[in-house]
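# Per-entry structural report
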Amino acid sequence: MSSIIKILSDQVINKIAAGEVVERPSSVVKELVENSIDAGATEICIDIEQAGRRLIRITDNGCGMSKEDAQNAFLRHATSKITSDTDLEAIDTMGFRGEALSSIASVSQVRLTTAEQDAPSGVMIEIESGRILSILDAAAPQGTSLEISHLFYNTPARLKFLKSPATEFAHILTAVSRQAMAHRSVRFRLTHNKKTVLDLPPSLNIKERIFQLYGNEIAENVVEFENTRDVIRVHGAIGKPLYNRADRTHQDFIVNRRTVKNASLTHALYGAYGDLLMRDRHPVAFVFIDIAPELVDVNVHPAKAEVRFRNPSQIHDVVRDVIREVLRSQGTPRAGEVVTTGADSQGVREALSSYMQDLSHRSDGAPEGGPASYFGRRKRDIGMSPLHADYTASTPQGQPAELLPPVSANSDQDIFPFAQIHDSFIVAQSREGMVIVDQHAAHERVLFEKLQDQLQSGHIIVQNMLIPVLVELGPAQGALLIEYLPELDQLGFLVEDFGTGTFMIKAVPALLVGADYKKLLLDILDEVTVHGRSGKMEQLRDEVLSVLACHPAIKVHRHLEQREMETLLHDLAQCRMPHTCPHGRPTLIRFSMDEIKKMFKRL
Ligand code: ADP
Ligand code: MG
C-alpha cells in the first residue's frame with residue numbers, strides 16, 4: 001500500500017492558521033493594532049473601506065522595521081517578541097505567536113511600508129497569497145503602514161460567512177474601542193469610507209476615555225477606583241450601584257493591558273453587584289487587572305482572547321471584594337441617578353412615573369388583609385412596630401408601644417419622615433434636602449438583610465406554629481420539596497413530609513410570622529425550580545431570601561404610623577445595601593435642596 005499521509009505546504013498551513021486567527025475583518029484590525037502597540041506607537045490610524053473587505057490600513061509611528069525584518073515578518077512563527085520557551089512564562093507584549101502577519105498575508109493582498117528611525121530609506125513590500133511580489137526602497141516616515149486589501153479574496157467560503165457591512169464594521173468599532181480603552185496613552189483615529197468615526201487623543205483618565213468612546217451618559221454614571229491587594233492591582237471604572245444596562249456591551253476586563261474574556265472575572269463582577277441587579281440587567285464595568293506576568297498564562301487561545309490565571313480563585317475574590325467595596329462606598333443614589341433603563345437618561349418625573357407603574361403592577365394580586373396578613377392590620381390596631389426584627393419573635397400581639405426600640409425624631413438619624421403619601425411612599429427630610437422612600441421596597445431590604453444576618457450567624461430565630469400548616473403538593477413538586485428540606489431547615493423552615501405529597505409546616509423564621517406560608521413555600525419551590533440545585537448555593541440562598549423578604553413586607557397600600565416610618569428608615573439606614581430592594585429596585589430617591597430649588601427656578 002502506498003502512503004497517504006502528506007506534509008502540508010506552508011501556504012496551506014498558513015491558511016489553516018488564518019482560520020483561527022483571522023475570523024473576520026475586525027480580527028485583522030485587532031492583530032495589527034496590537035503590533036503597533038508592541039512597536040511603541042503613540043499614534044495609530046485605522047482606515048477602513050467597505051467594512052474591511054476592500055481595505056484595512058493601519059499606520060503607526062512605532063519603531064518600524066529594517067528591510068530584513070520586514071521580509072521575515074511574514075514568515076510563519078517569525079517574531080521579535082520571544083526567543084525561548086521560558087519567555088512564554090512571562091509575556092509582556094501583546095503578540096508572541098508570530099502568526100498574525102503570515103496568516104493575514106495568506107488570505108489577502110498586503111502592502112507594507114516601514115521605516116526605522118534615522119534609516120537612510122524605508123522599504124515597501126507587496127505580498128499576495130503569502131508570496132512576496134516586490135521589495136522596493138521607499139521614502140517613508142518612521143513607523144509602519146500595513147494595507148490589507150481584498151481580505152479573503154482567495155477563500156470564498158470565508159467570504160460567504162461575513163455578515164452585512166454594518167455588522168462587520170460594528171465588530172471593527174468594538175475591536176478598536178477595546179484597544180483604545182486598554183491603551184489610553186495612545187492616540188487612535190478610525191475612519192470608514194474616508195469619514196472619521198473616532199478621533200481619540202490620549203486621555204489622562206479612564207472616565208475621559210469612556211466619554212470619548214461611549215459618551216456622556218455612561219461616563220457620568222461610572223465611578224473610578226483603584227486598589228492593590230496581594231500583589232494584584234485592580235482599577236478602572238464601574239457603573240454606580242443603580243446604573244445598569246440591558247446587555248453586556250460595556251464590560252471590559254483588561255489583564256496586563258490585554259482585553260480578555262474570562263468567566264471567573266465576569267462571575268466576580270456579578271457577585272459584587274449581587275442583588276443590586278435585577279434579572280437580565282448588566283453592570284457597566286471597565287476593570288483593569290495588573291499582576292506579575294508569571295501569574296497569568298496568555299498562551300491559551302489562538303486569538304489571545306482568553307487568559308488563564310495561576311490562582312484564579314484568589315483573583316476572583318480580590319476583584320469581587322474590591323468592586324463590592326466601591327459599590328458600598330457610594331452614597332445614597334440621587335434623584336437624577338435612578339436610571340435603570342439603559343437607554344437615554346430619564347428625567348426625574350419619567351423615572352418616577354414608570355417606577356410607580358411598576359409598583360402598582362407588583363401590588364396586583366398580593367394578598368391584603370386576611371388572617372395571614374400581619375401587616376394588613378388597621379391603623380388603630382398598631383400599637384407596636386411590626387418592622388422591628390425581634391418584635392415578632394419575642395412579643396405576643398398587643399404589646400404596648402413603650403417597648404418599642406427607641407428611635408428619636410431629632411437624633412442623629414439622617415433622614416426624618418414627615419408624611420406618608422397614598423399609603424405607599426414616605427416623604428422625609430434629609431440633611432441635604434428631601435427623600436422619597438418606597439415603603440415596600442425598603443421593608444424588603446430590611447427583612448432581607450436581617451434574614452441574611454441570622455442565616456450567616458447560624459441563628460435563625462424560629463417560631464413554632466401552634467397549629468401546623470398543611471400543604472398538599474403534586475408528586476413532582478413534592479419530590480422537589482423533599483430534596484430541598486435540609487436547606488429549608490437551615491433557613492428556619494421546619495417542614496415535615498407526610499408522604500404522598502403532603503407536608504406540614506411546623507416552624508417558620510420568626511421574621512416571617514404572619515406571612516402566607518403556603519404561598520411562601522410555593523414561591524420558594526418556584527425559585528428552586530428556576531435555579532436548580534446545581535446552582536451556586538450562596539446565590540440560591542439569596543434568591544430564596546429575597547422571596548422570603550418579599551412576603552410579609554409592608555404592602556404598598558398600607559397606612560404607617562409615624563413611629564413605624566421612623567423605625568423603617570432607621571432600620572434601612574443600618575443596611576449594607578440600603579439603596580435597593582433585594583430585587584434591585586430603588587428603595588429611595590433623594591432630592592438635594594439645590595435640585596429642588598432648580599425645579600422652582602430659584603437657582
Ligand atoms: P507577533 O506579533 O506575535 O510577533 P506578528 O506576525 O503579528 O507576530 O508580527 C511578526 C513580527 O513583525 C513582530 O514580532 C514584529 O517584530 C514585526 N512587526 C509587525 N508589525 C509591526 C509594526 N507595526 N511595527 C514594527 N514591527 C512590526
Ligand atoms: Mg502580532
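Provided above is the structure to which this section pertains.
Below is a summary of the structure that appears in this document.

Cut-offs applied
- Residues numbered from 1 in each chain as written.
- Chains lettered and ligands numbered in written order.
- Predicted model: local features only at pLDDT ≥ 70, side-chain atom pairs only at ≥ 80, totals over all residues.
- Heavy atoms only, no water.
- Helix = DSSP H or I, 4+ residues; strand = E, 2+ residues; numbered from the N terminus.
- Buried < 20%, exposed > 50% of the residue type's maximum accessible area, 1.4 Å probe, protein only.
- Contact = heavy atoms within 4.5 Å.
- Areas by Shrake-Rupley, 256 points an atom, 1.4 Å probe, with all protein chains shown as cover.
- Phe/Tyr/Trp six-rings, centres within 6.5 Å; stacked < 30°, edge-to-face > 60°.
- Lys NZ or Arg CZ within 6 Å of the ring centre and 35° of its normal.
- Near = heavy atom within 4 Å.
- Polar contact = N/O pair within 3.5 Å; in protein donor to acceptor, adjacent residues only side chain to side chain.
- Nonpolar A, V, L, I, M, F, W, Y, C, P; charged D, E, K, R; others polar.
- Pairing = 2+ DSSP bridges.
- Axes fitted to C-alpha atoms, helices over the stretch in contact; angles between N-to-C directions.
- Parallel < 35°, antiparallel > 145°, perpendicular 65-115°, else oblique.
- Left-handed = near helix turned anticlockwise from the far one by under 90°.
- Patch = residues over 30% accessible without salt bridge, like charges linked within 9 Å, V, L, I, M, F, W, Y side chains within 5 Å.
- Salt bridge = Lys/Arg side-chain N within 4 Å of Asp/Glu carboxyl O.
- Core = buried A, V, L, I, M, F, W, Y, C linked by side-chain atoms within 4.5 Å.

What follows deals with the overall build of the protein chain. Looking only at helices and strands, the protein chain features 18 helices and 22 strands. Across the 603 residues in the protein chain, those meeting the buried criterion constitute 51%. At a minimum sequence separation of 6, the contacts of the protein chain that also span at least 24 residues come to 68%. Accessible surface, the protein chain: about 28,900 Å² in total, of which carbon and sulfur atoms supply 53%.

Let's shift gears to the packing of aromatic side chains. Counting across every chain of the model gives 2 aromatic pairs. A centroid spacing of 5.6 Å and a plane angle of 15° characterise the contact between Tyr214 and Phe286, whose relative ring orientation is stacked. Of the two residues, Tyr214 sits in helix α7 (residues 206-214) while Phe286 sits in strand β13 (residues 285-290), which places them 72 residues apart along the sequence. On the basis of an interplanar angle of 85° and a centroid distance of 5.3 Å, the ring pair of Phe416 and Phe418 is categorised as edge-to-face. A relative accessible area of 51% means that Phe418 is categorised as exposed. Positioned above the aromatic ring of Phe288, the side-chain terminus of Arg184 is 5.7 Å from the ring centre.

This brings us to the site of ligand 1. Near ligand 1 lie 18 residues; those nearest to it are Asn35, Thr79, Ser80, Lys81 and Gly98. Between ligand 1 and Asp60 there is a distance of 2.9 Å, counted from a nitrogen atom to a side-chain nitrogen or oxygen. Between Arg97 and ligand 1, the recorded distance is 3.0 Å, taken from a backbone N or O atom to an oxygen atom. Protein chains bury 93% of the 530 Å² of accessible surface belonging to ligand 1 in isolation. Of the residues that constitute the shell around ligand 1, the class distribution is 7 nonpolar, 7 polar and 4 charged.

For the rest of this paragraph, the subject is the sheet that holds strand β16 (residues 415-421). Through backbone hydrogen bonds, the strands of a sheet pair up, either in parallel or in antiparallel fashion. Spatial ordering of the open sheet is given by β16-β17-β18-β22, a layout of 4 strands whose pairing is antiparallel. The open sheet has two edge strands, β16 and β22 (588-592), and neither has a second partner. With strand direction ignored, the average angle separating the axes of adjacent strands in the sheet is 25°. As paired elements, strand β18 (residues 433-438) and β22 share 5 bridges and run antiparallel to each other. Following the sheet pairing, Ile436 is matched in β22 by Ile589. Packed on one face of the sheet, helix α13 (residues 439-457) meets β16, β17 (425-430) and β18 and runs near 75° to β18. Packing of helix α17 (residues 562-573) onto the sheet brings it into contact with β16, β17, β18 and β22, and relative to β16 it is tilted by some 130°.

A pair of packed helices is captured by two measures, namely the crossing angle of their axes and the spacing between those axes. Viewed as axis vectors pointing N to C, helix α2 (residues 25-38) and helix α6 (residues 165-182) meet at an angle of 20°, and their least axial separation amounts to 8 Å. Classified by the interaxial angle, the pair formed by α2 and α6 is roughly parallel. As α2 packs across α6, the resulting crossing turns out to be right-handed. Taken together, the residues of α6 that come into contact with α2 (itself represented by Pro25, Ser26, Val29, Lys30, Val33 and Glu34) are Glu168, His171, Ile172, Ala175, Val176 and Gln179. Partitioned by chemical class, the residues of the contact of α2 with α6 number 6 nonpolar, 3 polar and 3 charged.

Here we take up the pairing of strand β8 (residues 195-200). Relative to β8, strand β7 (residues 187-192) is paired through 5 bridges, and the arrangement is antiparallel. What sits directly across from Thr191, in β8, is Thr196. What sits between β7 and β8 in their antiparallel hairpin is a turn of 2 residues, with Asn193 showing a positive phi close to 50°.

For helix α9 (residues 263-273), the set of buried residues is Leu265, Thr266, Ala268, Leu269, Tyr270, Ala272 and Tyr273. If you follow the buried residues of α9, they end up packed against β10 (232-239), β11 (251-255), β13, β15 (308-309) and α10 (312-329). The opening residue of α9 is Asn262, an N-cap whose side-chain oxygen sits 3.0 Å from the backbone nitrogen of Ser264. Positive phi shows up at Gly274, right after α9, with a value of about 50°.

On the secondary structure map, Met593 appears in helix α18 (residues 593-599). Residues Met593 and Arg431 lie 162 residues apart in sequence; the distance between their C-alpha atoms is 9.3 Å.

It is worth spelling out a nonpolar patch on the surface at this point. A cluster of nonpolar residues, Leu8, Val12 and Ile16, forms a patch on the protein surface that exposes about 260 Å² of accessible area. Its location among the elements puts Ile16 in helix α1 (residues 10-21). Classification of Ile16 as exposed rests on a relative accessible area of 52%.

A separate point is the nonpolar core. Counting residues in hydrophobic clusters, the biggest one holds 57 residues, and the most contacted among them are Val29, Ile44, Ile46, Phe74, Ile148, Phe188 and Ile210. Tallying contributions element by element places α6 first for this core, with 6 residues. Residues contacting Ile44, with those up to four places away along its chain left out, are Val33, Ser36, Ile37, Ile58, Thr59, Asp60, Val186, Arg187, Phe188 and Arg189. With 35 residues, the next largest nonpolar core counts Val223, Leu265, Ala268 and Val287 among its residues.

Inspection of the entire model under this criterion finds 30 salt bridges. The partner of Arg245 in a salt bridge is Glu217, and the shortest N-O contact between them spans 3.1 Å. Highlighted residues: Arg245 in the loop between β10 and β11 and Glu217 in helix α8 (residues 216-220), separated in sequence by 28 residues. Both residues of the pair, Arg245 and Glu217, count as buried. Residue Glu496 pairs with Lys506 through a salt bridge whose shortest N-O separation is 3.3 Å. You can see Glu496 sitting in strand β20 (residues 494-497) and its partner Lys506 sitting in strand β21 (residues 502-509), a full 10 residues away along the chain. The exposure class of Glu496 is partly exposed, given its relative accessible area of 33%. In this structure Lys506 comes out as partly exposed when scored by relative accessible area, which is 29%. In the salt-bridge network here, residues are joined through shared partners; they are Asp47, Arg57, Arg111, Glu126 and Glu147.

Honestly, it's all geometry; don't read function into it.
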